[in-house]
Every structure is written in structure tokens, then in C-alpha cells.
Amino acid sequence: KQKLNYVVEKKYQPDFWIPSHNLFVETKGYFPQADRTKMVAVQRSNPGVRLLLVFQNASQRLSSRSSMTYAKWAEKNGFEWSEKSIPKHYLS
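Thresholds, definitions, all that
Residues numbered from 1 in each chain as written. Predicted model: local features only at pLDDT ≥ 70, side-chain atom pairs only at ≥ 80, totals over all residues. Heavy atoms only, no water. Salt bridge = Lys/Arg side-chain N within 4 Å of Asp/Glu carboxyl O. Buried < 20%, exposed > 50% of the residue type's maximum accessible area, 1.4 Å probe, protein only. Helix = DSSP H or I, 4+ residues; strand = E, 2+ residues; numbered from the N terminus.

To continue, consider the pattern of salt bridges. If you walk through the whole model with that rule in mind, you get four salt bridges. In this structure, the salt-bridge partner of Glu-26 is Lys-28, at a minimum N-O distance of 3.5 Å. For Lys-28, a relative accessible area of 10% puts it in the buried group. The partner of Glu-75 in a salt bridge is Lys-72, with the nearest N and O atoms 3.9 Å apart. In this pair, Glu-75 and Lys-72 are both assigned in helix H2 (residues 70-76), three residues apart and thus about one turn of the helix distant. For Lys-72, a relative accessible area of 49% puts it in the partly exposed group. Each of Glu-26, Lys-28 and Asp-35 takes part in a single network of salt bridges with overlapping partners.

Here it is as C-alpha cells:
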């Protein structure tokens with residue numbers, strides 16, 4: 001059997017935009033697989049756009065069976081990230 005790829009076009013609205021840094025911010029407590037997949041798709045569809053993920057708990061593991069944390073996932077996938085707040089240097 002052959003498989004064909006397809007793309008579904010959707011719109012993504014980030015939680016915040018910091019125009020002075022052209023930075024889009026997404027805040028996350030729980031970060032399920034569907035949201036991780038969406039964030040990678042948004043990043044791939046918008047090359048050059050900066051996305052900052054702000055995690056409530058960056059050391060939270062992706063699942064009970066995974067040793068990978070939210071922070072490690074973000075780094076592995078090329079996202080800037082912080083924990084609990086937007087770093088002050090972005091707010092000036």
C-alpha cells in the first residue's frame with residue numbers, strides 16, 4: 001500500500017505578541033501531544049518567526065513513560081522557552 005501526505009491549513013493564535021521583539025508567546029501548563037504537534041507545525045509553516053514557550057513547570061515530563069521534560073522537548077525542537085514568566089529583557 002502507498003501512503004500520501006496531506007496538509008490541513010489552520011490558524012494559530014498565540015497567547016501574546018511582543019512587537020518590540022517580534023516574539024510570539026505561548027503559555028503552557030499541560031502540554032499534550034496534540035499541542036506539541038501543533039507547535040512544530042506552526043514553526044515549520046512560519047520560518048523566521050520567533051516563538052517562546054512559557055511553561056508552568058519546565059521539568060514536567062512529557063508523560064509518565066517518558067524521561068523527556070517540556071524544556072528538553074523545546075530545546076530538541078528549536079524553541080526558545082522559559083519557566084513561569086516571560087523573561088524581563090523581552091518586556092522592555
